[in-house]
Amino acid sequence: LFSLGVWFDDPRLSLTAFVPGIAAVGVYFWLMRETLRTSMRKRLGLSFLLIRLSWGLLALALLTGLALTAGLPVPNGPALFGFLALAGWLLTFLTGVLQRIMPFLASMHGSTRSGAPALLSDLTAETPLRAHVACHASALVLVSLGIVTNQVAVVQVGAATGFVGSLAFAAFAINVVLKLKTPS
């Protein structure tokens, strides 16, 4: 519906697309809340901090898109929408999932140098993950602020902060690999 609205330059059709979009996001949020409420494990760690942040950024991206489609003035709206959708929602969700799944998959496919099965806690380095979360969240705020205020320097500081966060994430991933011995 949204694509057809853009193609035929019909904002009513584009606005109509947000009804099922917002409904789908609402159902998704409700299902995730129920899943977490009924789960056995309640302390989910830093990875779920990122995943929950991504859920909020998904809603914010959708509302930004709705405001743009409705013709409301959003400073640098298209750039902000794209950033919130891609770096905000998608990248934040992806890195949160990867923080959770990389040690698990590594433990399933290898062992420690002693030959014993690898424990997830042995494969997870908390310090790089904390640095990654702090840098990633700071970068999201800084770049969003720079986009809205049209300040290139703020976007650049945010991008540099995000780069430092990506190096911390790489250190986490390298740690997983280095602590593992793959079977021959």
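Look up a bit, the structure's there.
The rules behind each value
- Residues numbered from 1 in each chain as written.
- Predicted model: local features only at pLDDT ≥ 70, side-chain atom pairs only at ≥ 80, totals over all residues.
- Heavy atoms only, no water.
- Helix = DSSP H or I, 4+ residues; strand = E, 2+ residues; numbered from the N terminus.
- Buried < 20%, exposed > 50% of the residue type's maximum accessible area, 1.4 Å probe, protein only.
- Contact = heavy atoms within 4.5 Å.
- Phe/Tyr/Trp six-rings, centres within 6.5 Å; stacked < 30°, edge-to-face > 60°.

J.: Quick one: what's the story with the side chain of S144, residue by residue and with numbers?
T.: Counting through the fold element by element, S144 comes out in helix 6 (residues 126-149). Given a relative accessible area of 15%, S144 falls into the buried group. When sequence neighbours within four positions are dropped, the list of residues in contact with S144 reads L80, F83 and L84.

J.: How would you explain the environment of T64 if you had to name every residue and give the values?
T.: By secondary structure assignment, the location of T64 is in helix 3 (residues 46-69). The exposure class of T64 is buried, given its relative accessible area of 8%. Remark: the alpha-carbon pair of T64 and A85, spanning 21 residues in sequence, is separated by 9.6 Å. Residue contacts for T64: discarding those within four places in its chain leaves V74, G77, L80, F81 and L84.

J.: Please set out the packing of aromatic side chains residue by residue, giving values where relevant.
T.: Considering all chains together, one arrives at four aromatic pairs under this definition. Centre to centre, the rings of F2 and F18 are 5.9 Å apart; their planes meet at 85°, and the pair counts as edge-to-face. With F2 in helix 1 (residues 2-7) and F18 in helix 2 (residues 11-38), this pair connects stretches of sequence that are 16 residues apart. On the accessibility criterion, F2 (38% relative accessible area) is partly exposed. Residue classification places F18 among the buried residues on the basis of a relative accessible area of 9%. Centre to centre, the rings of Y28 and F29 are 6.0 Å apart; their planes meet at 40°, and the pair counts as tilted. Note on Y28: relative accessible area 26%, which makes it partly exposed.

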